[in-house]
Amino acid sequence: PFPEITDADSLPPFVDFILQEMAGPFKTFVLGNSQAHREGKKSFVTNIYGEDVSYLKRPYVEKSRRMLCQKLRLHQATCTQGEIEIFTNIMAKYKLDDIYPVAAAAL
């Protein structure tokens, strides 16, 4: 059974760990990749662990990000206002609301 999540501070330790990891270099990579897609570029440079690193644009990263946003939007359509607020606070706490900007769209 899953523990009840009542706010951004009541997440299970493993979920907290994963969200913290996503908010680090992964976030920087995903945002850079997304921008490269929007601008039609084949590559991008982003700062990872204090160094500028160049990457080739990866279509599957952007596709999976968009699919997750879509899935979250569909799920939020069935949530109460309180659940949406909890989700919004979780995304803000981990600074992931710019990667997965679904909370603002659902309110």
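Refer to the structure printed above.
Here the structure is a predicted model, which is why all the values come from computation and not from measurement.

Draft legend 1. Focus on the overall build of the protein. Across its full length, the protein holds four helices and two strands. Counting from the amino terminus, helix and strand elements in the protein follow one another as α-β-β-α-α-α. Over its C-alpha atoms, taken along the principal directions, the protein stretches across nearly 40 × 25 × 20 Å. Sorting the 107 residues of the protein into buried and exposed places 30% on the buried side. Expressed as a percentage of contacts within the protein between residues at least 6 apart in sequence, the contacts between residues at least 24 apart total 54%.

Draft legend 2. Structural context of the pairing of strand β1 (residues 43-48). Residues F44, T46 and I48 point to one face of β1 and are all buried, whereas S43, V45 and N47, pointing to the other face, are not buried. As defined by bridge partners, β1 adjoins strand β2 (residues 51-56) across six bridges and the pair is classed as antiparallel. Following the sheet pairing, V45 is matched in β2 by S54.

Draft legend 3. Here's a closer look at the packing of helix α1 (residues 13-39) against helix α2 (residues 59-76). At their nearest, the axes of α1 and α2 sit 9 Å apart, and the two run at 100 degrees to each other. As summarised for this structure, α1 and α2 are arranged roughly perpendicular, according to the angle between their axes. Across from F29, V30, N33, S34 and H37 in α1, the residues of α2 making contact are P59, V61, E62 and R65. Class assignment for the residues of the contact of α1 with α2 results in four nonpolar, three polar and two charged.

Draft legend 4. Just the layout of surface pockets, in detail. If you add up the space inside the largest pocket, you get close to 460 Å³. Top contributing element to the lining of the largest pocket by residue count: helix α3 (residues 81-93), with six residues.

Draft legend 5. Examining α3 more closely. Compared with an ideal rise of 1.5 Å per residue, which puts 13 residues at 18 Å, α3 spans 18 Å between its outermost C-alpha atoms and is within 8% of the ideal. Every buried residue of α3 is accounted for by I84, I86, F87, I90 and M91. Around the axis of α3, the buried residues are gathered within 160 degrees of arc, so they sit on the same side. Immediately downstream of α3, the backbone of K95 shows phi near 55 degrees, a positive value.

Draft legend 6. Structural detail: unusual backbone geometry. Here the phi dihedral of Y49 falls at roughly 50 degrees; this positive angle occurs in a residue that is not glycine. We note that K95 has phi near 55 degrees; this positive angle belongs to a residue other than glycine. With relative accessibility at 54%, the residue K95 sits in the exposed group.

Draft legend 7. Geometry of a nonpolar patch on the surface. Together, F14, F17 and I18 make up a nonpolar patch on the protein surface, roughly 310 Å² of accessible area in all. Take F17: it is sitting in helix α1.

Draft legend 8. Spotlight on the environment of K63. If you trace the backbone, K63 turns up in helix α2. Distance from K63 to I86, taken between C-alpha atoms, is 26 Å for residues 23 residues apart in sequence.

Each value, and the rule that gives it
- Residues numbered from 1 in each chain as written.
- Predicted model: local features only at pLDDT ≥ 70, side-chain atom pairs only at ≥ 80, totals over all residues.
- Heavy atoms only, no water.
- Helix = DSSP H or I, 4+ residues; strand = E, 2+ residues; numbered from the N terminus.
- Buried < 20%, exposed > 50% of the residue type's maximum accessible area, 1.4 Å probe, protein only.
- Contact = heavy atoms within 4.5 Å.
- Pairing = 2+ DSSP bridges.
- Axes fitted to C-alpha atoms, helices over the stretch in contact; angles between N-to-C directions.
- Parallel < 35°, antiparallel > 145°, perpendicular 65-115°, else oblique.
- Nonpolar A, V, L, I, M, F, W, Y, C, P; charged D, E, K, R; others polar.
- 1 Å grid on protein atoms, 1.4 Å probe; cavity = no way out; pocket = protein on both sides within 12 Å on 5 of 7 lines; lining within 4 Å.
- Points joined across faces, edges and corners; volume = space filled by probe spheres on them.
- Expected span 1.5 Å × (residues − 1).
- Arc of directions from axis to C-beta.
- Patch = residues over 30% accessible without salt bridge, like charges linked within 9 Å, V, L, I, M, F, W, Y side chains within 5 Å.
- Areas by Shrake-Rupley, 256 points an atom, 1.4 Å probe, with all protein chains shown as cover.
- Salt bridge = Lys/Arg side-chain N within 4 Å of Asp/Glu carboxyl O.

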